[in-house]
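Listed below, chain by chain, are the residues.
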Amino acid sequence: MCHVIVTCRSMLWTLLSIVAAFGELIAFMSTDWLVGYPRTPDAVFGSHGATAAGEAYRPTLGIYGRCIKLPHMQRGILCGPYAIRFREIASGFWQATSIFLAAGILLLCAVAFISIFTMCFQSIMKKSIFNVCGLLQGIAGLFLILGLMLYPAGWGSDKVQLYCGPDATPYRAGLCSMGWAFYTAMGGTVLTFICAVFSAQAEIATSSDKVQEEIEEGKSLICLL
């Protein structure tokens, strides 16, 4: 018999797990990791930074995509991938970042999917699903940290210098500033570890004595604070 067990702690863990997964996925796909110095489509870099006449805009650069304004475009910004193939990503460090982030996001998405069914199934092969998911989230968090640590090492690539000026070097963004995607990825990483720790509380909540008492009473839907 399937017992649907809903507690505040298990539902909060499920919600946070979904938020962490989607946050990391959106950040990875975004082009707003680096925000370039204000310039016009025909701007050039001189000894004092970017100089050009006309209406300025700020291009953005992601791990594999970018947003720019081409000289022949009167309005709007063109966004899309600059790397069609994996080896075309700006640097080897960013290629490694892509691998680690993708691995972490894949684990987080798997946990987010599984977490939806923890209301009906609390164990698999006699092991707590919450504990297994917490372990996977911890591993995903390590992958994400490795990816974020390697990301700034790629700032010395030719692609980054094109957007951030010749002063851009590893771990120094030059004329660029950090975009919202980088901070979202950092926040998602912190949230991932919070979920990994909180999974133990979700497991305790769904296996408490109160839950067992209601199961013994024959209830199939159990809701506890």
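The preceding data block contains the structure.
Cut-offs and rules
- Each residue is numbered by its place in its chain's sequence as written, counting from 1.
- Selection of residues for local features in this predicted model requires a pLDDT of at least 70, selection of side-chain atom pairs for listing and counting requires 80 or more, and totals for whole chains, interfaces and linings are taken over all residues.
- Side-chain numbers come from the whole structure's heavy atoms, not from hydrogens or water.
- Every axis corresponds to a line fitted to the C-alpha atoms, with the helix fit spanning only the stretch in contact, and the corresponding angles, defined between N-to-C directions, vary from 0 to 180 degrees.
- Helix and strand definitions here come from DSSP, where helices need a minimum of 4 consecutive H or I residues and strands a minimum of 2 consecutive E residues; each element is numbered from the N-terminal end.
- Our angle categories are set so that under 35 degrees counts as roughly parallel, over 145 as roughly antiparallel, 65 to 115 as roughly perpendicular, and the remainder as oblique.
- By convention, the crossing between two helices is left-handed when the near helix turns anticlockwise from the far helix through less than a right angle, and right-handed when the turn is clockwise.
- In this analysis, two residues are considered to be in contact whenever any of their non-hydrogen atoms come within 4.5 Å of each other.
- Classification convention: Asp, Glu, Lys, Arg as charged; Ala, Val, Leu, Ile, Met, Phe, Trp, Tyr, Cys, Pro as nonpolar; all other residues, Gly among them, as polar.
- One less than the number of residues in a helix, times 1.5 Å, gives the span that helix is expected to have.
- Only protein chains enter the accessibility calculation, which uses a 1.4 Å probe; a residue whose area is less than 20% of its type maximum is buried, one above 50% is exposed, and one in between is partly exposed.
- Strand pairing requires that DSSP identify at least two bridges connecting the strands.
- We call a set of buried residues a nonpolar core when its members are Ala, Val, Leu, Ile, Met, Phe, Trp, Tyr or Cys and they connect through side-chain atoms within 4.5 Å of each other.

(A) A look at the packing of helix H1 (residues 8-29) against helix H2 (residues 92-116). The interhelical angle for the contact between H1 and H2, taken along N-to-C directions, is 150 degrees, at an axis separation of 9 Å. By the angle between their axes, H1 is roughly antiparallel relative to H2. When you trace H1 past H2, the crossing you get is left-handed. Facing H1, whose interface residues are Trp13, Thr14, Ser17, Ile18, Ala20, Ala21, Glu24, Leu25 and Phe28, H2 presents Ser98, Leu101, Ile105, Leu108, Cys109, Val111, Ala112, Ser115 and Ile116. Grouping the amino acids of the contact of H1 with H2 by side-chain chemistry returns 13 nonpolar, four polar and one charged.

(B) Geometry of H1. Compared with an ideal rise of 1.5 Å per residue, which puts 22 residues at 32 Å, H1 spans 32 Å between its outermost C-alpha atoms and is within 8% of the ideal. Every buried residue of H1 is listed here: Ser10, Trp13, Thr14, Ser17, Ala20, Ala21, Gly23, Glu24, Ala27 and Phe28.

(C) Broad picture of the sheet that holds strand S2 (residues 34-35). Ordered in space as S7-S6-S5-S2-S10, the five strands form an open sheet in which the pairing is antiparallel. Looking along the sheet, the strands with just one partner apiece sit at the ends: strand S7 (78-81) and strand S10 (177-178). As paired strands, S2 and S10 are joined by two bridges and run antiparallel to one another. The residue of S10 that forms the bridge with Val35 is Ser177.

(D) Representation of the nonpolar core. Counting residues in each nonpolar core, the largest one holds 31 residues, and the members touching the most others are Trp33, Leu34, Trp94, Tyr151 and Val160. Elements supplying a minimum of two residues to this core: H1, H2, helix H3 (129-150), helix H4 (158-164) and helix H5 (180-206). At five residues, the largest contribution of residues to this core is made by H2. With sequence-adjacent residues up to four places away left out, Trp94 is seen in contact with Leu34, Leu61, Gly62, Ile63, Tyr82, Ile89, Tyr151, Gly154, Trp155 and Val160. Counting nine residues, the second-largest nonpolar core is a separate cluster that includes Trp13, Val111, Cys133 and Leu191.

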